Amino acid sequence: MSNLPKIAWIGLGIMGSPMSENLVKAGYAVTGYTLEQDKLDRLAAAGGTAAGSIAEAVRDADVVITMVPASPHVEAIAYGPDGILENARSGALLIDMSSITPQTSVDLAAAAKDKGIRVLDAPVSGGEAGAVEAVLSIMVGGDRADFDEAEPIFEALGKTIVLCGPHGSGQTVKAANQLIVAVNIQACAEAVVFLEKSGVDLRAALDVLNGGLAGSTVLTRKKDNFLARDFRPGFRIDLHHKDMGIVTDAARNVGAALPVGAVVAQLVASLRAQGDGGLDHSALLRAVERLSGAQV
């Protein structure tokens, strides 16, 4: 019998599926629940256990991990008679790895405390590739003791793991992360269009740029997307649109100006309005091409 904590995983999407599978590979007993049967079948094939409901998944779990798209989804799975808080055992640790508003995380921690359930907010950065390779950056909010307890689990999922402060702090840092990523992708997209219109060898140009000060993890991860115009979703425009709303709202609340971020947020919104919300966020290149006269 394993001495590792039993884990319930709620949400088996683009990120959640490979992350839960990495925990199975690390020796954890993982019971998962999601709405799509094929995702449950995938977890079972990887050695996990499929549950028929949230209540069934969390009932005997020591740790409950959630990875769903946005604040309303977290609230839907956490609250109510069929939710996590009513069905998880007292003393369990709830780790929400979704990207949601900081206030949602603070409210969840307060509600869970009344049920004897501890909470960490632990959003991640690294996209689908980072999830598959278990090299995610994990930014955590909550109590130090709970973080220390969860750290071995985080180490099976990522490489950079940092406690950023009290409840909600992980989400605040994730919002800043999404601001930086969106602005970086937009700058890369503009450079790609500029280089192509100038007749430069794009692959050679991106290689040399990535070796200097202009280099970035974003350019490394998304270079092939730009070159091949491959916009299959690793992280969808729809989700980045949600995240840009989070960061602009949070910044307004604390009195921080985001002049460039506000422009990029509108560009992300316009791309979504043009029907590209299901594409990878590297598809910001399509918006720059349209603005530059291309028919895409």
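No experiment lies behind these values; they were computed from the predicted model shown. (Residues numbered from 1 in each chain as written. Predicted model: local features only at pLDDT ≥ 70, side-chain atom pairs only at ≥ 80, totals over all residues. Heavy atoms only, no water.)

Between the first and last C-alpha of helix α12 (residues 237-254) there are 26 Å, a value that for 18 residues agrees with the 26 Å anticipated at 1.5 Å per step. Ile237, Leu239, His240, Lys242, Asp243, Met244, Ile246, Val247 and Ala251 are the residues of α12 that are buried. For α12, the secondary structure elements touched by its buried residues are α6 (102-113), α9 (169-197), α13 (259-276) and α14 (284-291). Count one or two residues on from α12 and you reach Gly255, which has phi positive near 80 degrees. (Helix = DSSP H or I, 4+ residues; strand = E, 2+ residues; numbered from the N terminus. Expected span 1.5 Å × (residues − 1). Buried < 20%, exposed > 50% of the residue type's maximum accessible area, 1.4 Å probe, protein only. Contact = heavy atoms within 4.5 Å.)

Listed under "domain: 6-phosphogluconate dehydrogenase NADP-binding" (unreviewed entry) in the UniProt record, and renumbered for this structure, are residues 6-165. The span residues 6-165 is 42% helix and 24% strand, and its two end C-alpha atoms sit 26 Å from each other. (UniProt positions renumbered as here; feature names shortened; annotations may be inferred.)

Before going further, it helps to examine the pairing of strand β4 (residues 63-66). When a strand is regular, its side chains alternate between the sheet's two faces. Because side chains alternate across β4, one face comprises the buried residues Val63 and Ile65, and the other comprises Val64 and Thr66, equally buried. As judged from the four bridges shared by strand β1 (residues 7-10) and β4, these two strands associate in the parallel manner. Note on β4: the bridge partner recorded for Ala8 is Val64. Where β4 meets strand β5 (residues 93-96), four bridges bridge the pair, whose relative direction is parallel. The residue of β5 that forms the bridge with Val64 is Leu94. (Pairing = 2+ DSSP bridges.)

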